[in-house]
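Geometric and topological summary
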Amino acid sequence: MKRTLLIAIALLVGGTASAQNYNDRPSFDFSRQGTEHKHEVRLTVGVSPLFENDFFIYDEPAIVQRYPNVIYPDDLTYRGALKTSGGYALSYMYSPAKWFAVGLYAGYVSQWQTTHLRATQAITSKTTERHLMLVPTVRFTYLNRPLVRLYSSIGVGVGFCRERTRNVDGHIESNRNERFCPAEVTFLGVSVGRRLFGFAELSTGSMGVCAAGIGYKF
């Protein structure tokens, strides 16, 4: 009787210890792995962004009759190189699943160009174009490791453009405001790091043909 009782107690203690060890093991529920930090903010800098003229398709320009021996105003001037600040964006993303995220970025880009006299190369005016954009974005992650992630994304939103031409005397020659539809497609993006990470993207659209930046998960 005593031997049977001792065997029963030993089996009970061993089963309890085994259950405790099993509960202490790491979880292998992959559906929850990688989503403990569901929120993310990023600061992005892009190169060679597209502007609102690139998002529209125009009709063929009308043919203007030109007469010989007549000097037109456009013949007296020429435009200098088109320069851009690049693209800058602050974004927020939410990841309900390991492979999927949705969010929004607020972006800014600008470009400017000077007009010169052909005879003296003197600057006569400067045209500046500025864009503000709000673009909802979805992202698909197809490689998710603790330190390295590969992904693609696409976004389409609304943009506000202001174009102004000011001559050398400071007077405004033209002032134009309009809305447009910016888009951004990231063909391949890679991020490296855990909660604080850096990233680089190969893309096209309102932020540029390539972009890089830093982000933080929480």
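Provided above is the structure to which this section pertains.
Definitions and cut-offs
- Residues numbered from 1 in each chain as written.
- Predicted model: local features only at pLDDT ≥ 70, side-chain atom pairs only at ≥ 80, totals over all residues.
- Heavy atoms only, no water.
- Helix = DSSP H or I, 4+ residues; strand = E, 2+ residues; numbered from the N terminus.
- Buried < 20%, exposed > 50% of the residue type's maximum accessible area, 1.4 Å probe, protein only.
- Contact = heavy atoms within 4.5 Å.
- Pairing = 2+ DSSP bridges.
- Patch = residues over 30% accessible without salt bridge, like charges linked within 9 Å, V, L, I, M, F, W, Y side chains within 5 Å.
- Areas by Shrake-Rupley, 256 points an atom, 1.4 Å probe, with all protein chains shown as cover.
- Salt bridge = Lys/Arg side-chain N within 4 Å of Asp/Glu carboxyl O.

A few words now on the overall build of the chain. The secondary structure content of the chain amounts to one helix and 11 strands. Counting from the amino terminus, the chain carries its helices and strands in the arrangement α-β-β-β-β-β-β-β-β-β-β-β. Expressed as a percentage of the 218 residues in the chain, the buried residues total 31%. Once local pairs closer than 6 in sequence are excluded, the contacts in the chain between residues at least 24 apart make up 61%.

For the rest of this paragraph, the subject is the pairing of strand S6 (residues 148-156). As paired elements, strand S5 (residues 123-144) and S6 share seven bridges and run antiparallel to each other. From the neighbouring strand, Arg139 faces S6, where its bridge partner is Ser153. Counting the residues that bridge the hairpin from S5 to S6 gives three residues. Across eight bridges, the pairing between S6 and strand S9 (residues 183-193) is antiparallel. Its bridge partner lying in S9, Gly155 is registered against Glu184.

Here we take up the environment of Ala81. As for its placement among the helices and strands, Ala81 is situated in the loop between strand S2 (77-79) and strand S3 (83-97). Its relative accessible area of 54% is what places Ala81 among the exposed residues. Residues within four places of Ala81 in sequence aside, it is in contact with Trp112 and Gln113.

So, about a nonpolar patch on the surface. Residues Val45, Tyr88, Leu104, Tyr108, Leu132, Leu134, Val158 and Phe160 make up a contiguous nonpolar surface patch of roughly 680 Å² in combined accessible area. Listing elements by their share of the nonpolar patch, those giving two or more residues are strand S4 (100-117), S5 and strand S7 (158-167). Of note, Val158 is situated in strand S7. Note on Val158: relative accessible area 33%, which makes it partly exposed.

Along any regular strand, the residues point their side chains to alternate faces of the sheet. Burial along S7 is one-sided: Gly159, Cys161, Glu163, Thr165 and Asn167 are buried, and none of Val158, Phe160, Arg162, Arg164 and Arg166, which face the opposite way, are. Looking at chain direction, S5 and S7 are connected through 10 bridges and run antiparallel. Its bridge partner lying in S7, Thr128 is registered against Arg164. Two strands pair when backbone bridges link them, and S7 and strand S8 (residues 172-180) are joined in this way by eight bridges, in the antiparallel orientation. Along S8, the bridge assignment pairs Gly159 with Phe180. Linking S7 back to S8 in an antiparallel pair, the connection comprises four residues, with Gly170 at a positive phi of about 95°.

We now examine unusual backbone geometry. Look at Ser48: it is not a glycine, yet its phi comes out positive at around 55°. Among the structural elements, Ser48 can be located in the loop between strand S1 (39-47) and S2. Backbone geometry at Gln121 places phi at a positive 65°, although glycine is not the residue there. With respect to the helices and strands, the residue Gln121 is situated in the loop between S4 and S5.

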